[in-house]
Amino acid sequence: MRKTDISKYTDKIEVTKKRSGAMVALSAVWKIVKTCLAVFICAGIVIMISVGIYIFNLANEPTGIDLNARSLNLSSFIYVKDPDTGEFVEYQKLYGTEDRIWVDLQDMPDYMGKAVIAIEDKRFYEHSGVDWVRTGGAVISLMTGSDDYGGSTLTQQLIKNITDDNEVSLTRKLREIFRALNIEREYSKDDILEAYLNVVNFGNNAQGVQAAAQLYFDKDISECTICECAAIAGITQNPSKWNPLIYPENNKIRRELVLDQMYEQDMITKKEYEKAMKESENLEFVDYRGNQNEEEEEVKDIQNWYIDQMTGDLVRDLAKYYDISENAASEKLFTEGLKIYCAMDLETQKMLEYEGLHCNDDYGTDLQIGMTMIDFEGRVIATTGSSQKKDGNLLFDRASDAVLQPGSSIKPIFTYPIAHETGLNHYSSLVLDEPIEKYRYNDQGVLVAGPNNAYETYNGYMTVPEALSWSSNAATVQTMKNIGPQTAYNQAVNVMGFEHLDPDVDPYSLGALSLGGMSGGVTVREMAAAMTYTCNGGLYYKPYTYYYVTDQNGTIILDNRNNQPVQAYSPETAWAMNRTLRYNVQTSQHSQSRNADVYGWDIIGKTGTTDDDKDSWFVGASPYCTLAVWTGYDNPSRIYYTSIATTTWRKVMTKYLEGKEVKGYVQPSTVVEATYCKGSGLLASPGCTSTGTGYYPQNKLPDYCNGYHMAFGGGPSYYAPTEDTTDDSTQSDETTDSTGETTETLPEGETTAPPEEGGGEIEPPVAEFH
């Protein structure tokens, strides 16, 4: 029987297996490639869509350019509400200080426009705002890192001059391109050329050809020759290099190049060219700037501090809305006929400025002052920036420009409300008035304990209202240590509108946002705005000085009437702090804030002083508004009457409240009043002799005092078993404090162990919630 040779079959099987394995591998590789391709395609689509949306948004941005209004040099108008009718009435005009005369194109020599076109944009009448050939070259230069961008048409140069947008980036170039295309659709070529010749800088602060003609030749532009027009036109490409007063030889080279281009482009005849070149050989410049020794004219129309502050707000908001520089926004504000509906209370403004001017009268001092009053929805009612008579406009404003140290007035803004919000404290919690062992570096670079208290001792445990009314630095820093300074910094910057803190230092300093010893600082306006949370259910509104603004055609361009708040703190926290600050003003025997109280009104607030008494504050509120007052010196030095801030606050608020209906704040329905024991911070038991009224979330009431009193001024301890609030089956010797930690209830007669060496702290058997 013949044997079958199976080797040839096994070889085929092996080959098949190998091929099959290769096919599987190739299939796996192909799947990977397909997956990668799909990912790249999807990513590409997403990127293309994003780029498309970005470009679409750029294309549809408002240009912020109104050539008609600019040519008319229109004053803007400010309107305020009539206190009797509530209707807006005209109050004041805003107009520019520059003596710029707009010259119509038809009143300029024909050569002036031709000279500029010849040297700057020879295809001006052919393109639609963008010379794509030159722009492509400029983009390539930008991408390769060259600083020789060029490529801008007269339209683009006009936009750059009006918006003052000097950013060197592809985004700026794209924005400029879209603006140029839009401008060319809105205006004629002659309108654009006329605006260019009136707006562009021709060196030595000569804005426009009329100013240039007067400066360089002491004549009107209508009287200038071809050569003189060429000399002016040549300057704008590089006003420093081609400056005829400093570098006359450079200007000669440049103006003759302009004349060459005009001749080559058939803008002038050969005879005109030769005559102009001959004139160029000995062209003289007169540098006419008027009488330099003439004294400046006295400013006649002095606006009040509110209008100064509103002007600053408008410039910033217009710059943001139109995506232009603040210089360009200022030009728009003063020349384009805007209508501004101001939020100022005129009578209160007059009163506030009067009190600011007379704040030193009773003391014989010369302190400066800053004050801002704000309602509970962010409207700035009145403000003043000095204790001296105002002698100019847009002066340094100590209410909004000065970056100051707030001292203890900052304590109710961050440390204590954050501790309430996070459950570390409630209204009557005990806080530790003892120094932190390693608090700061001394002059020798050694970590030492601190902080010190102004009353030069430490009280041990205190309830929150007592700690705030004593203005305990130690208790506040101990609390800040528990919540973390980064938390407070985030609250300040991201929620409550503080814009002048130092991001490199203040988030890491225990004393910055607890004691007000910052590397950065705050403004009076920021403090007044921050205090509003205590009166409106925990909301923060960005402060504003105008209701809305329209352009000359009545189109609304800025609007604060729907000013949306953020929830800075819960209503329960806000009310607890409101009542704590009321205790500080009315009830506490140790508080300096008592001097701010207004008879018959529910006044709340907190004083603040800084090291060596170089700043003095009172930041507080009535049921109608908040008011922040700062006093000090521009060059910080000791204040010998730190009470001036508080007494001025009381005078201003007293006058403001005259004739107003007496009302209070609105207590949230989720808050209940209860009597607490000042010895333990818990709800009072029958044997507690030192008590107060506390305000607590209705679902987070503290437990009852067990008779163990450890707080400063809390009365003697006694034995009183804690009121039964649990089922017998769950009865325990342990309770849970506000941080979630479990603590053992102390038997009668026992005390807590002393702190261990190394900075251990006594933990209070308090702050239990149920």
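Residues numbered from 1 in each chain as written. Predicted model: local features only at pLDDT ≥ 70, side-chain atom pairs only at ≥ 80, totals over all residues. Heavy atoms only, no water.

Remarks on the packing of aromatic side chains
Okay, so step 1: Applying the stated rule across the entire model yields 21 aromatic pairs.
Okay, so step 2: With a centroid separation of 5.9 Å and 70° between ring planes, the pair formed by phenylalanine 88 and tyrosine 547 is classed as edge-to-face. With phenylalanine 88 in strand E2 (residues 88-94) and tyrosine 547 in strand E11 (residues 546-550), this pair connects stretches of sequence that are 459 residues apart.
Okay, so step 3: By relative accessible area, phenylalanine 88 is classed as partly exposed at 27%.
Okay, so step 4: Each ring, one from tyrosine 455 and one from tryptophan 470, has its centre 4.9 Å from the other, and the planes form 75°; the classification is edge-to-face. With tyrosine 455 in the loop between strand E8 (447-450) and strand E9 (460-463) and tryptophan 470 in the loop between helix H16 (464-469) and helix H17 (473-483), this residue pair connects regions lying 15 residues apart in the sequence.
Okay, so step 5: Three or more aromatic residues joined by ring pairs form one cluster here, namely Tyr79, Phe88, Tyr341, Tyr544, Tyr547 and Tyr548.
Okay, so step 6: For lysine 189, the ring lying beneath its charged end belongs to phenylalanine 124, and the centroid distance is 4.5 Å.
Okay, so step 7: Over the aromatic face of tyrosine 322 sits the side chain of lysine 332, whose NZ or CZ is 4.6 Å from the ring centroid. (Phe/Tyr/Trp six-rings, centres within 6.5 Å; stacked < 30°, edge-to-face > 60°. Helix = DSSP H or I, 4+ residues; strand = E, 2+ residues; numbered from the N terminus. Buried < 20%, exposed > 50% of the residue type's maximum accessible area, 1.4 Å probe, protein only. Lys NZ or Arg CZ within 6 Å of the ring centre and 35° of its normal.)

Some details on the pairing of E8
Okay, so step 1: Across 3 bridges, the pairing between strand E7 (residues 436-441) and E8 is antiparallel. When the sheet's bridge partners are listed, isoleucine 436 is paired in E8 with glycine 450.
Okay, so step 2: Counted between consecutive antiparallel strands, the loop separating E7 from E8 contains 5 residues, among which glycine 445 sits at a positive phi close to 80°. (Pairing = 2+ DSSP bridges.)

Some remarks on the sheet that holds strand E4 (residues 368-374)
Okay, so step 1: In spatial order, the strands read E5-E4-E16-E15-E14; together these 5 strands make up an open sheet with antiparallel pairing. Whereas interior strands pair on both sides, the edge strands pair on one side only; in this sheet they are strand E5 (380-384) and strand E14 (604-609). Neighbour-to-neighbour, the strand axes of this sheet turn through a mean angle of 5°, independent of strand direction.
Okay, so step 2: As paired elements, strand E15 (residues 615-621) and strand E16 (residues 626-632) share 7 bridges and run antiparallel to each other. Of the residues in E16, the one forming a bridge with aspartate 615 is glycine 632. (Axes fitted to C-alpha atoms, helices over the stretch in contact; angles between N-to-C directions.)

Focus on helix H3 (residues 110-120)
Okay, so step 1: Of all the 11 residues making up H3, 8 are buried; the element is thus mostly covered by neighbouring parts of the structure.
Okay, so step 2: Every buried residue of H3 is accounted for by Met112, Gly113, Ala115, Val116, Ile117, Ala118, Ile119 and Glu120.

A short note on the sheet that holds strand E1 (residues 76-81)
Okay, so step 1: Spatial ordering of the open sheet is given by E2-E1-E3-E11-E12, a layout of 5 strands whose pairing is mixed. Taken across any chain shown, the strands that pair with only one partner, and hence form the sheet edges, are E2 and strand E12 (556-559). Recorded for the sheet is a direction-independent mean angle of 20° between the axes of neighbouring strands.
Okay, so step 2: Summarising the sheet, E1 and E2 pair through 6 bridges and their orientation is antiparallel. Each residue of the ladder has a partner; that of lysine 81, found in E2, is phenylalanine 88.
Okay, so step 3: Each of E1, E2, strand E3 (339-342), E11 and E12 is contacted by helix H12 (residues 305-322), which is oriented at about 120° to E12, the strand it contacts most. (Contact = heavy atoms within 4.5 Å.)

Describing the packing of helix H5 (residues 154-163) against helix H7 (residues 189-199)
Okay, so step 1: Axis separation between H5 and H7 bottoms out at 10 Å; the angle between their running directions is 45°. Between H5 and H7, the angle falls in the class oblique. The handedness of the crossing between H5 and H7 comes out as left-handed. Here Leu154, Thr155, Gln157, Leu158, Asn161 and Ile162 of H5 lie close against H7, whose contacting residues are Ile192, Leu193, Ala195, Tyr196 and Val199. (Parallel < 35°, antiparallel > 145°, perpendicular 65-115°, else oblique. Left-handed = near helix turned anticlockwise from the far one by under 90°.)

Structural notes on the pairing of E4
Okay, so step 1: In terms of residue burial, E4 counts as a mostly covered element, since 7 of its 7 residues are buried.
Okay, so step 2: Side-chain alternation along E4 places Gln368, Gly370, Thr372 and Ile374 on one buried face and Ile369, Met371 and Met373 on a second face that is also buried.
Okay, so step 3: In this sheet, E16 lies alongside E4 in antiparallel orientation, the contact comprising 7 bridges. By the bridge assignment, methionine 373 is partnered in E16 with leucine 627.
Okay, so step 4: Across 4 bridges, the pairing between E4 and E5 is antiparallel. Bridging across to E5, methionine 373 finds its partner in alanine 382.
Okay, so step 5: Counted between consecutive antiparallel strands, the loop separating E4 from E5 contains 5 residues, among which glycine 378 sits at a positive phi close to 95°.

With respect to the state of the cysteines
Okay, so step 1: Summed over all chains, the structure comprises 0 disulfides.
Okay, so step 2: Just so you know, cysteine 688 is unpaired, no disulfide at all, and the nearest cysteine sulfur is the one on cysteine 677, 3.5 Å from it. (Disulfide = S-S within 2.5 Å.)

Details of a nonpolar patch on the surface
Okay, so step 1: Nonpolar side chains collect at one region of the surface, where Val29, Trp30, Val33, Leu37, Ile41 and Ile45 lie side by side and expose about 560 Å² of accessible area between them.
Okay, so step 2: Turning to its location among the elements, isoleucine 41 is positioned in helix H1 (residues 7-59).
Okay, so step 3: Given a relative accessible area of 52%, isoleucine 41 falls into the exposed group. (Patch = residues over 30% accessible without salt bridge, like charges linked within 9 Å, V, L, I, M, F, W, Y side chains within 5 Å. Areas by Shrake-Rupley, 256 points an atom, 1.4 Å probe, with all protein chains shown as cover. Salt bridge = Lys/Arg side-chain N within 4 Å of Asp/Glu carboxyl O.)

Some remarks on helix H8 (residues 209-217)
Okay, so step 1: For H8, the buried fraction is high: 7 of the 9 residues fall into the buried class.
Okay, so step 2: When we look at burial in H8, the residues that qualify are Val209, Gln210, Ala212, Ala213, Leu215, Tyr216 and Phe217.
Okay, so step 3: In this structure, the buried side of H8 is in contact with H3, H7 and helix H9 (226-233).
Okay, so step 4: Just downstream of H8, aspartate 218 is the residue with a positive phi angle, here 55°.

Observations regarding the nonpolar core
Okay, so step 1: With 92 residues, the main nonpolar core has Ile413, Phe414, Met496 and Phe498 as its most contacted residues.
Okay, so step 2: Take this core: its biggest share by element is 8 residues, from H12.
Okay, so step 3: For isoleucine 413, the residues in contact, after removing those within four places along its chain, are Met496, Phe498, Met527, Ala530, Met531, Tyr533 and Tyr569.
Okay, so step 4: Ranked by size, the runner-up nonpolar core spans 57 residues in total, among them Leu181, Tyr187, Ala206 and Ala233. (Core = buried A, V, L, I, M, F, W, Y, C linked by side-chain atoms within 4.5 Å.)

Thoughts on the pattern of salt bridges
Okay, so step 1: Under the criterion given, the structure shown has 22 salt bridges.
Okay, so step 2: A salt bridge links glutamate 355 to lysine 655; the nearest nitrogen and oxygen atoms lie 2.5 Å apart. With glutamate 355 in helix H14 (residues 346-357) and lysine 655 in helix H22 (residues 644-657), the pair connects residues that are 300 residues apart, well separated along the chain.
Okay, so step 3: Here aspartate 362 makes a salt bridge to lysine 651, at a shortest N to O gap of 3.3 Å. Separated by 289 residues along the polypeptide, aspartate 362 in the loop between H14 and E4 and lysine 651 in helix H22 bring together distant segments of the chain.
Okay, so step 4: A residue is classified by how much of its surface remains accessible, and lysine 651, at 32% relative accessible area, is partly exposed.
Okay, so step 5: Each of Arg579, Arg582, Asp597 and Asp602 takes part in one network of salt bridges that share partners.

Don't take any of this as a statement about function, it's just geometry.
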